[in-house]
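# A structural walkthrough
Here's the letter readout for the chains.
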Amino acid sequence: MEAVACHNFNASAEDELSFRKGNIIKVLDVEEDKNWYKAELHGTEGFVPANYIKLRDNPWYHGKITRIDSERLLLEKSQGQFKQPDGAFLLRTSERDKASGNFSLSVKWRGSVQHFKVLRDMERGKYFLWTVKFNSINELIEYHKTSSLSQSENIYLTDMSAQVQYIERVQALFDFQAEEDGEISFKKGDILMVLKKMDPNWWLGSLDSQSTQGLFPSTYVRIL
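Calculation rules
- One numbering rule holds for all chains: residues counted from 1, following each sequence as written.
- Thresholds applied to this predicted model are a pLDDT of at least 70 for local features of residues and 80 or more for the giving and counting of side-chain atom pairs; totals over whole chains, interfaces and linings are not thresholded and use all residues.
- Side-chain measures were taken over the full set of non-hydrogen atoms in the model, leaving aside hydrogen atoms and water.
- Pairs of strands are assigned from DSSP output, requiring at least two bridges between the strands.
- Secondary structure follows DSSP: runs of H or I at least 4 residues long count as helices, runs of E at least 2 residues long count as strands, and numbering of each begins at the N terminus.
- Axis lines are fitted through C-alpha atoms, for helices just across the contact stretch, and the angle between N-to-C directions can take any value from 0 to 180 degrees.
- Burial classification: accessible surface area is computed with a 1.4 Å probe over protein chains only, and a residue below 20% of its type maximum counts as buried, one above 50% as exposed, and the rest as partly exposed.
- Pairs of N or O atoms are called polar contacts if they sit within 3.5 Å, as long as, within protein, a hydrogen donor faces a hydrogen acceptor (for residues adjacent in sequence, only side-chain-to-side-chain pairs).
- Here the aromatic set is Phe, Tyr and Trp, taking the six-membered ring for Trp, and pairing holds for ring centres within 6.5 Å; pairs whose planes are under 30 degrees apart are stacked, those over 60 apart are edge-to-face, and all others are tilted.

Read from one edge to the other, the open sheet built from five strands follows the order E16-E15-E14-E13-E17, with strand pairing classed as antiparallel. With partners counted over all chains shown, the strands left at the sheet margins are strand E16 (213-217) and strand E17 (221-223), one partner each. Put simply, the sheet's adjacent strands are angled 45 degrees from each other on average, direction ignored. Note that strand E13 (residues 168-172) and strand E14 (residues 191-196) share four bridges and pair antiparallel. Considered in E14, the bridge of Arg 169 is made with Met 193.

Here you go:
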């Protein structure tokens, strides 16, 4: 995903990445460490401080959501009808290739979900599905909103409908008190909506009765 540098940063360790204010940075991993993101600039990879950059809006990014959960989210039904239009999509980290910067596109098409592996040209810092290469995931997604994803049929990306907002509903088994910014508190018995499964231990969700979102430990809830 693309991010804009808000400040200058000079690397002080070998695995860090220097940049200047205004640089467009390609973020490869935001989940391993909430304070330092794995990123790429001009073909060089390294870690950057999260508070020095601003991620561009990317509601289509669902992190470490599984292939099965992505299908459930895209195919969720209401009164026998699919809520999501053909072409509705999300980007997730690759389950098979878990190295930073490896992604898959999951796309709803004619009642099922097709999965496309996003390929990388490491030497040039490019992303692609077929032959046309892009500087970032953001550019790839915008391109395939008007150019087909498939070589055998016309499949165009379409933003997901806001009607589907959660993967599944869960119930709290214990009280949980948020200790850091970005977490959400709840009481035993509360019902939450899971929005993203960031990793096996921490999920993003909101209480049924509130719009506030936050992270919470998956071991504190049970799936309804």
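Moving on, we get to the pairing of strand E9 (residues 103-109). Within E9, seven of the seven residues are buried, which leaves the element mostly enclosed by the surrounding structure. Here E9 shows a buried face lined by Phe 103, Leu 105, Val 107 and Trp 109 and a second buried face lined by Ser 104, Ser 106 and Lys 108. In this structure, strand E8 (residues 89-93) lies alongside E9, joined through five bridges in antiparallel fashion. When the bridges of E9 are listed, Arg 92 appears paired with Ser 104. With seven bridges joining them, E9 and strand E10 (residues 112-121) adopt antiparallel strand pairing. The residue bridging Ser 106 from the neighbouring strand is His 115, located in E10. Here E9 folds back onto E10, and the loop between the two strands holds two residues, one of which, Arg 110, carries a positive phi near 50 degrees.

When you line up the elements, Arg 120 lands in strand E10. A residue is classified by how much of its surface remains accessible, and Arg 120, at 16% relative accessible area, is buried. Looking at Arg 120, its side chain comes within polar contact range of the side chain of Glu 40, at 3.0 Å. Looking at Arg 120, its side chain comes within polar contact range of the side chain of Glu 45, at 3.1 Å.

Moving on, we get to the packing of aromatic side chains. Taken as a whole, this structure holds 11 aromatic pairs when the rule is applied. Between Phe 176 and Trp 202, the aromatic rings sit 6.1 Å apart at their centres with planes inclined by 65 degrees, giving edge-to-face as the arrangement. Placement of the pair is Phe 176 in the loop between E13 and E14 and Trp 202 in strand E15 (residues 202-207), with a sequence separation of 26 residues. Its relative accessible area of 11% is what places Phe 176 among the buried residues. Given the relative accessible area of 31%, Trp 202 is considered partly exposed. Taking the centre distance of 5.5 Å and the plane angle of 75 degrees together, the rings of Phe 176 and Tyr 220 count as edge-to-face.

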